[in-house]
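Here's the letter readout for the chains.
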Amino acid sequence: MKKITILLLLLGVSFFALAERHVTSHDDIKRFLATTTYVVLEDNPMSEYNRNIRRAVEGSWDITPYEFITASEFEELRSDIDKSFLVMLQVRFQRDRLEATYNFLSIVLGAAVRRHTDMPDISSVPLSYSSVPEHSYAYKLESLVRFTQNHIRLLNEDPSLISSNIFDHYNKNRRDAKQKELWLLERDVERSIRSLSAIRNLYPHPVRLVSQEDIEQAIAERNEDVVFLHKVGPEGTRLQARCYKVLIGAGDDQFYYFDFHMISKKRGDGFLAKDFKKIARGR
């Protein structure tokens, strides 16, 4: 797929909104709910992204009618205000010292505008660094698709959240995370604390080091007892900037924790000791 790049300056209500971009409103949410959503696929029909986003939408998407389209069809249709789009966008933050490029899973509304950045953004969730292979994130797409629907329904039911810090709303859930079993990939934990003994010293609650296949199965089974880590980082690639850390319920598709840090010599690419301490405290 021809990569669609947008530049983001500030955190906003739809997770990552551009200061000069259209800010999501309740009317936008209601407009979205009346549209057909066009799911934009990559040009490579054999890509893991295509296979997993198709499976996720066909198995879970029920908030609007949907159709699958190509990137070229997206360019033809994106000016239609009666349509919405589920699309992987490439994102850069201009104010960051290192302008890394990230993939975001986004819902945007059709609009007769020149730039993709001007399309009204309903929801955008960090997916990966653009340089990271798709197999490192594709297995989590079903959970992120289900979360996106929950998030939009939440904003529709409680429009007051549109003007608040949505991170505060989701981070209140971290008090409940320790009631579930925390599943982590070893590589997603900061290097100095990757052993279970080190983790348990920081987080004395149920925790397991698991495989991608374990997490994929928990998502497919909607396992209510599991919270897993969705980490977005460079994973050994050259450019090291932001590291996003999201805890997601495999069964309820809620965010239990959301934070990010800038990678440095003191803060590596992974879940940090302070992250474990925060969720252990529950506040």
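Data block above holds the structure.
Residues numbered from 1 in each chain as written. Predicted model: local features only at pLDDT ≥ 70, side-chain atom pairs only at ≥ 80, totals over all residues. Heavy atoms only, no water.

A.B. asks: Help me understand the overall build of the chain, please; the structure alone is not making it clear to me.
C.D. replies: What the chain contains, in helices and strands, is nine helices and 11 strands. Its C-alpha radius of gyration of 18 Å places the chain within 12% of the 19 Å reference for a compact globule of 283 residues. Over its C-alpha atoms, taken along the principal directions, the chain stretches across nearly 55 × 40 × 40 Å. Looking at the chain residue by residue over its 283 residues, the buried ones come to 56%. In the chain, the proportion of contacts linking residues at least 24 apart, taken out of those at least 6 apart, comes to 68%. Total accessible area on the chain stands at roughly 12200 Å², and carbon and sulfur atoms take up 46% of it. With 41 positive and 40 negative side-chain charges, the chain shows a spacing of 8 Å between the two charge centroids. (Helix = DSSP H or I, 4+ residues; strand = E, 2+ residues; numbered from the N terminus. Rg over C-alpha atoms; globule rule 2.2 N^0.38 Å. Buried < 20%, exposed > 50% of the residue type's maximum accessible area, 1.4 Å probe, protein only. Contact = heavy atoms within 4.5 Å. Areas by Shrake-Rupley, 256 points an atom, 1.4 Å probe, with all protein chains shown as cover. Lys, Arg positive; Asp, Glu negative; His and termini not counted. Charge placed at Lys NZ, Arg CZ, Asp CG, Glu CD.)

A.B. asks: Looking at this structure, how should I read the sheet that holds strand β11 (residues 255–262)?
C.D. replies: Backbone hydrogen bonds are what pair the strands of a sheet, in a parallel or an antiparallel way. Within the open sheet, the five strands sit side by side as β8-β7-β9-β10-β11. Their pairing is mixed. Looking at which strands have only one partner, the edges of the open sheet turn out to be β8 (207–209) and β11. Taken pair by pair, the neighbouring strands of this sheet meet at an average axis angle of 20°, ignoring direction. Bridging between strand β9 (residues 226–232) and strand β10 (residues 242–249) involves six bridges; their strand directions are antiparallel. Residue His230 lies in a different strand from β10, and its bridge partner there is Val246. (Pairing = 2+ DSSP bridges. Axes fitted to C-alpha atoms, helices over the stretch in contact; angles between N-to-C directions.)

A.B. asks: Explanation requested: the pairing of strand β6 (residues 121–129) in the structure shown.
C.D. replies: Regular strands have side chains that alternate between both faces of the sheet. Judged by how many residues are buried, β6 sits mostly within the fold: nine of nine residues are covered. In this sheet, β6 lies alongside strand β5 (residues 101–109) in antiparallel orientation, the contact comprising seven bridges. Within β6, the position partnered with Val108 by the bridge is Asp121.

A.B. asks: Teacher, can you tell me more about the packing of helix α1 (residues 26–33) against helix α4 (residues 141–157) here?
C.D. replies: The description of two helices packed together rests on the angle between their axes and the distance between the axes. The interhelical angle for the contact between α1 and α4, taken along N-to-C directions, is 125°, at an axis separation of 9 Å. In terms of axis orientation, α1 runs oblique to α4. As α1 runs across α4, the sense of the crossing is left-handed. Taken together, the residues of α4 that come into contact with α1 (itself represented by His26, Ile29, Lys30, Phe32 and Leu33) are Ile152, Leu155 and Asn156. (Parallel < 35°, antiparallel > 145°, perpendicular 65-115°, else oblique. Left-handed = near helix turned anticlockwise from the far one by under 90°.)

A.B. asks: Which parts of the structure should I look at to understand unusual backbone geometry?
C.D. replies: Most peptide bonds take the trans form, and the phi angle of most residues other than glycine is negative. Here Arg222, not a glycine, exhibits a phi torsion of approximately 55°, which is positive. Among the structural elements, Arg222 can be located in the loop between α8 (212–221) and β9. Among the residues examined, Arg222 registers a relative accessible area of 38% and is labelled partly exposed. Residues other than glycine seldom take positive phi values, yet Asp253 does so here, at roughly 55°.

A.B. asks: So what exactly am I meant to see when it comes to the pattern of salt bridges here?
C.D. replies: For side chains of opposite charge, pairing can occur when their charged atoms come near one another. Across all of its chains, the model carries 14 salt bridges by this definition. For Asp188, the salt bridge identified is with Lys231, shortest N-O distance 3.8 Å. Here Lys231 lies in strand β9 and Asp188 lies in the loop between β7 (181–184) and α7 (196–202), a separation of 43 residues in the sequence. Of the two residues, Asp188 and Lys231, both sit in the buried class. (Salt bridge = Lys/Arg side-chain N within 4 Å of Asp/Glu carboxyl O.)

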